[in-house]
Amino acid sequence: MNITHAATNAPTPQASPPAPQSDIQQMADELFGARQIRSVQIPALNITSAVVPVGWRVNYQEDLSSGAFEWDSPNADVGWVITSALPDEGGNIALYGHNNLYSRVFERLYKAQAGDAVLLQTEAGTWKYTVRYVLLLPMLGADAEQIARYAAYLQPSADARVTLVSCYPPQSNTHRVVVIAQP
Amino acid sequence: MRRIFLLSLLLLALLPAPARAREVLDSNAEFVPGQLIVLFKTGKKTKDLRLPAQASVAAKKSSGLEKLGAAVINVPVGQERAYLAKLAQDKNIRAVEFNYLIKAALVPNDSAYALQYAPHLMQADTAWDAVNGAGVTLAIIDSGIDPAHPEFSGRILPGYDFIEGDATPQDGCGHGTHVAGIAAAETNNAQGIAGIAWQANILPVRVLDDLCSGSYEGVASALVWAVDHGADVINLSLGGYSPSALLENATYYAYARGVALFAAAGNDGIATTVYPAAYNWVMALGSVNNVPERAGTSNFGAMIDLTAPGENIYSTFPTYDGFAYRTYLGLAKNYDTLSGTSMATAQASGAAALLLSSGSACYSTPDQIYQALINSALDAGIPGRDDEYGYGVIQINAALAECPAAPPAPATFTTQYDWMRSDRCGLSAYAWRDTSGGVEQVSLGNEGYKNIAAPFPLTLGSVTYNNITLHANGFISMGSANTTTTSAAGNYRENAALPGIAKPNNLLAPFWDDLTDPGSAHLYTLTSGSAPNREFIVEYKNYQRAGVSGSALNFEVVFFENNADFLFQYKTLKGAGADGSSATVGIESENGLAGFQHSFNLKHALKEGLAIRFTPYPSGSAALPSAACPQTVAITLPAGTPRLCAAAEGEFDIEISGGALAYATTWKAEQLAAPLNALPASLLDIQRYADLSLRYEPPYAMLSALPSTNVCYHYAASDLLAAGGHAENLFITAYTNNVWQPLPTTVDAGRSLLLANAPHFSEYSVAALNPNAADENQLGMPVTGAPVRWDAMILLLTVMILFIRLWQRAAQPSSR
């Protein structure tokens, strides 16, 4: 996501984060309705947050031949990647949240330990997962191939799992912390 | 010393590296890299294909695949899955599949147990008084054979080698020679072992390489070759876990020409399905020991037909060194022991050859041979057929006393069918039939079915039925033969391409997929109207795709008393996969050899408000019923009228925004299910395509430019989902000068439209930049924070401290 606001002609500079992604919420409501995740909870880290659907935007070059991708900001909430799974269907449920700046919802994510519970709330009930892996991925100087390998953590998987992502450490954000929880 | 050293170096260079051998012997690779197999629709050939870029038809190794209506396509290595999806959309192709690897079915075993218990256990020794296999051709499709082994003297027919493409099927593995010995080694020759059909002629066909591995394509080619070269019995001591339309057709090719087939169940000791053993027309062999008890490694399940001795079987090996089983497993040359369902299969093939050599008319078809072996088998395990032993252990002498009747041939389609969609053809309009006041059909159960009487005789493929069977998984089978349509265990049978010989057959499939009842599903039937113009309606209401809560399907099949058409209608298709992307839609004959498929696992194939009408027409008729209905109706845009986009969701249209047309214009938009030209990998294909044409013809010599014309696309929520959730990520693209050219696109969110100025009219599509291309522009990991600028903060702090000091210094004099 974009951390510096693009220059706009708005009369007052925006001090608050970008407006909520209402179009994507509308799309998710139409396609997934009550199946969506409403909140995430990691009791061991004292994390409780609402969950909103997130996708990505492409900032196209003028000729549309290439462009820069950026993930949507979940603002103060935790984002559920719309192309990932939902609890009732198995597969990889990908969630990410801010660690500084806009919000600090996942500031303590790196403190997760194997065995911690991750609870996802849908209208159908609570889905419980247990943390199995906590990975720290160095991003500084990572090449395209490495980034593609990291990005695979957000791709569909055959097994049911929750993948939680945030930046680390809070001062420099040179790494990503990836927490994988399984039912 | 030096000489010996050199020699051993040379030997090492000639032999395959052991590491590679191990890798291949226990390889996890699924299929041959860079290859796909396509099966054509009836009458179609390789030249009809529109291959995507970088795909080509592989050089033909034999005429076998051609006879099966199949071909190998070379595709870029590592992109087999992507090309599989692309090729599946070719209208000329019935099925596309990987060229799966296939392996010899044995358990490597170093036991020195050398007692030949099998001939006696199977009553071969008593049968030998009457029969010996003479005059029967037994094809061994395997790793080849050592023709120099004295046990085969004078009985090896000229074979073929599909690994090297020559006429010398040498054995570099050892498996083929072992299997051949079990089935047909010389008996009564005072040496070695006794084969079951010891006077049979052996037709060796090599499909497994020096590391005992091969491909489905090789096995299929070999099956056709063996049949065409006079095989009476075919031994297939090999198998794979992936089903394959190619292997299905190839084995059926043999069976339909009167050849009995025996195949191994595999040696992983699990309940599973192995191909080709699992096909109905192939006998699947499990393995037993000398007790007889099922070998622990012998696979089991509904496919098992028979069992035969496979544990510790002593048989022939090549007379030379350097075959894989000797090099890597240390087995002896000339003779040694192996275990597995491969060995059991060879015993069964030998048994079939013995029956055939009796010359009796009782064994003139494969079904009669199978029935004789089944009726006479020694029951083991649970009484009757069971999943561990099948019908039991083969008893050859008892089988010789059996004389089964030849079964009647099943009916096939003698009429052809054509289908028409309501959105493409005025002859097939959507008109939903309400079933209220009808009968609710209950207690089908999940994966279940229910047989009901039809209100009037129903015709499918010129066969008339008075009963039909309704299935919970979205299809209807004609007649009441339930066993042809559900598996023994009552599990969901994966939906397949039509036609396919594997069951279920004889069906109408409006939405064959794994469906469940969320608690609110209903199945209604209603007979409406009055004779002789009645209609019979079957409605599936509120069904759900298994595992997709929130999905809802409501569709119906209409039968007509006054004609033999079938109408499929779709009222509600909600939720992931409801567009037919994991369903089979079509009809199929009783034996599965004929069928007419609308779509198979095709995205966007179905939509709400769609009707598909299947209409019969005489075989050989030149004109298809759908020829009377143009694919798309051209619209005349009158002069003086602007046009607003009228595209339905997922479709393209035009919008003339720059003023009214000065002259009447013809507009035609054909929405395509598959692209005529594949999109490049750099683009995320949203899989919506259309062929657009606009004929703007001002009178001669009258210069009048076409007003600014936009192509519009009405996006659906599922399109946004695929493209990151934002309509701004999408653009319209036009096929221009042989490339897909992205067009500057604007979003009209209020009308859910993408609009782009049309440079010309041709094939159009919708795409976004592919986020997963592994380059510096990829989507990658989210950034969830910003680095804190410590350097800037320290600088600021330093400046502030300096400023304070200066201020203090300046302030000091005044304080004095």
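A. Summary view of the overall build of chain A. Along the backbone of chain A there are two helices and 10 strands. The helix and strand sequence of chain A, counted from the amino end, reads α-β-β-β-β-β-β-β-β-α-β-β. Across the 183 residues of chain A, 37% fall into the buried class. Taking contacts inside chain A between residues at least 6 apart in sequence as the whole, the part at least 24 apart equals 62%.

B. Summary view of the overall build of chain B. When helices and strands are counted, chain B shows 15 helices and 39 strands. Contacts in chain B between residues at least 24 apart in sequence constitute 72% of all its contacts with a sequence separation of at least 6.

C. A look at the packing of helix α7 (residues 175–184) of chain B against helix α11 (residues 341–357) of chain B. Residue and element names in this part refer to chain B. Where α7 contacts α11, the two axes come as close as 7 Å, and the packing angle between them is 40°. With respect to α11, the axis of α7 lies oblique. Crossing handedness for the pair α7 and α11: right-handed. Of α11, the residues touching α7 (which contributes H175, V179, I182, A183 and A184) are S342, M343, A346, Q347, S349 and G350. Class assignment of the residues belonging to the contact of α7 with α11 gives a composition of six nonpolar, five polar and no charged.

D. Quick peek at unusual backbone geometry. In the segment running from Y168(A) into P169(A), the intervening peptide bond is cis, with an omega of -15°. Among the structural elements, P169(A) can be located in the loop between β9 (161–168) and β10 (175–182). A cis geometry characterises the amide bond from V291(B) onward to P292(B), with omega recorded as 0°. Phi is positive for Q123(B), close to 60°, though the residue is something other than glycine. Tracing the sequence through the fold places Q123(B) in the loop between α5 (118–121) and α6 (124–127).

E. Molecular detail of the interface of chain B and chain A. In this assembly, 35 residues from chain B lie in contact with 49 residues from chain A. Mapped by element, the contributors of at least two residues to the side of chain B that touches chain A are α14 (717–722) and β39 (763–769) of chain B. Top element by residues in the side of chain B that touches chain A is α14(B). It accounts for four residues. For the side of chain B that touches chain A, the class distribution of residues is 19 nonpolar, 13 polar and three charged.

F. Region of the structure containing the sheet that holds β9(A). Pairing is mixed in the closed barrel, where eight strands are placed in the order β1-β2-β5-β6-β9-β10-β8-β7 (chain A). The mean angle between the axes of side-by-side strands here comes to 30°, regardless of whether they run parallel or antiparallel.

G. View of helix α8 (residues 216–228) of chain B. Residues and elements named next belong to chain B. Here α8 contains 13 residues, and its C-alpha end-to-end distance of 18 Å stays within 8% of the 18 Å for a straight helix at 1.5 Å per residue. Summarising burial for α8: 12 of the 13 residues are buried, a large majority. When α8 is considered as a whole, its buried residues turn out to be Y216, E217, G218, V219, A220, S221, A222, L223, V224, W225, A226 and V227. Looking one or two residues beyond α8, the residue adopting positive phi is G230, at roughly 90°.

H. Representation of the packing of α8(B) against helix α9 (residues 245–256) of chain B. Residues and elements named next belong to chain B. Their axes nearest at 9 Å, the elements α8 and α9 cross at an angle of 15°. Between α8 and α9, the interaxial angle falls into the category roughly parallel. Here α8 runs over α9; the crossing is left-handed. The residues of α9 that touch α8, namely those facing Y216, E217, V219, A220, L223, V224 and V227, are L246, L247, A250, T251, Y253 and A254. Considered class by class, the residues forming the contact of α8 with α9 number 11 nonpolar, one polar and one charged.

I. Quick peek at the sheet that holds strand β18 (residues 449–460) of chain B. Residue and element names in this part refer to chain B. On the basis of which strands lie adjacent, the open sheet formed by six strands has the order β18-β19-β20-β21-β27-β28 and antiparallel pairing. What marks the edges here is a single partner per strand, and that holds for β18 and β28 (595–600). Adjacent strand axes in the sheet meet at a mean angle of 15° when their direction is disregarded. Pairing between strand β21 (residues 507–512) and strand β27 (residues 584–588): four bridges, direction antiparallel. Directly across from L508, in β27, lies its bridge partner I587.

J. Quick look at the pairing of strand β12 (residues 283–288) of chain B. The buried fraction of β12(B) is high, at six of six residues. Judged by which residues are buried, β12(B) turns out to be covered on both faces: M283(B), L285(B) and S287(B) on one side and A284(B), G286(B) and V288(B) on the other are all buried.

K. Representation of the confidence of the model for chain B. Residues and elements named next belong to chain B. Here chain B averages 83 in pLDDT, and 87% of its residues register 70 or above. Segment residues 1–28 is flagged for pLDDT under 50; beyond a separation of four residues in sequence, or across chains, it makes 13 contacts in the model. Taken as a whole, residues 108–114 scores under 50 in pLDDT and shows 11 contacts with residues more than four places along the chain or in a different chain. Interface scoring of the predicted complex returns ipTM 0.80; its pTM is 0.56.

L. Up close: the environment of K333(B). Checked against the element boundaries, K333(B) lands in the loop between α10 (324–327) and β15 (335–338). Along the primary structure K333(B) and T316(B) are separated by 17 residues, whereas in three dimensions their C-alpha atoms are 8.1 Å apart.

M. Highlighting the environment of A497(B). Residue and element names in this part refer to chain B. Of note, A497 is situated in the loop between β20 (475–478) and β21. Separated by 401 residues in sequence, A497 and V96 place their C-alpha atoms 9.8 Å apart. Among residues more than four places away in sequence, those in contact with A497 are R94, A95, A245, T584, Q597 and F600.

N. Inspection of the environment of A185(B) at higher detail. Residues and elements named next belong to chain B. For A185, the position within the fold is in the loop between α7 and β7 (201–206). Linking A185 and R155, residues 30 residues apart in sequence, is a C-alpha distance of 9.6 Å. Apart from residues no more than four positions distant in its own chain, A185 is found in contact with E151, G192, I193, A194, G195, W198, S315 and T316.

O. The arrangement of helix α4 (residues 80–87) of chain B in detail. Residues and elements named next belong to chain B. Residues of α4 that are buried: Y83, K86 and L87. Looking straight down α4, one finds its buried side chains confined to an arc of 90°; they lie on one side. Among the structural elements, β1 (31–40), β3 (70–74) and β4 (93–104) are those in contact with the buried residues of α4.

P. Fine view of the confidence of the model for chain A. Averaged over all residues, the pLDDT of chain A is 82; the fraction at 70 or higher stands at 88%. Contacts for the low-pLDDT stretch residues 1–21 of chain A, under 50 throughout, to residues beyond four places or in other chains number 18 contacts.

So, how was this worked out
Residues numbered from 1 in each chain as written. Chains lettered and ligands numbered in written order. Predicted model: local features only at pLDDT ≥ 70, side-chain atom pairs only at ≥ 80, totals over all residues. Helix = DSSP H or I, 4+ residues; strand = E, 2+ residues; numbered from the N terminus. Buried ≥ 20, exposed ≤ 12 C-beta atoms within 10 Å, placed from the backbone. Contact = placed C-beta atoms within 7 Å. Axes fitted to C-alpha atoms, helices over the stretch in contact; angles between N-to-C directions. Parallel < 35°, antiparallel > 145°, perpendicular 65-115°, else oblique. Left-handed = near helix turned anticlockwise from the far one by under 90°. Nonpolar A, V, L, I, M, F, W, Y, C, P; charged D, E, K, R; others polar. Pairing = 2+ DSSP bridges. Expected span 1.5 Å × (residues − 1). pLDDT = per-residue confidence, 0-100. Arc of directions from axis to C-beta.

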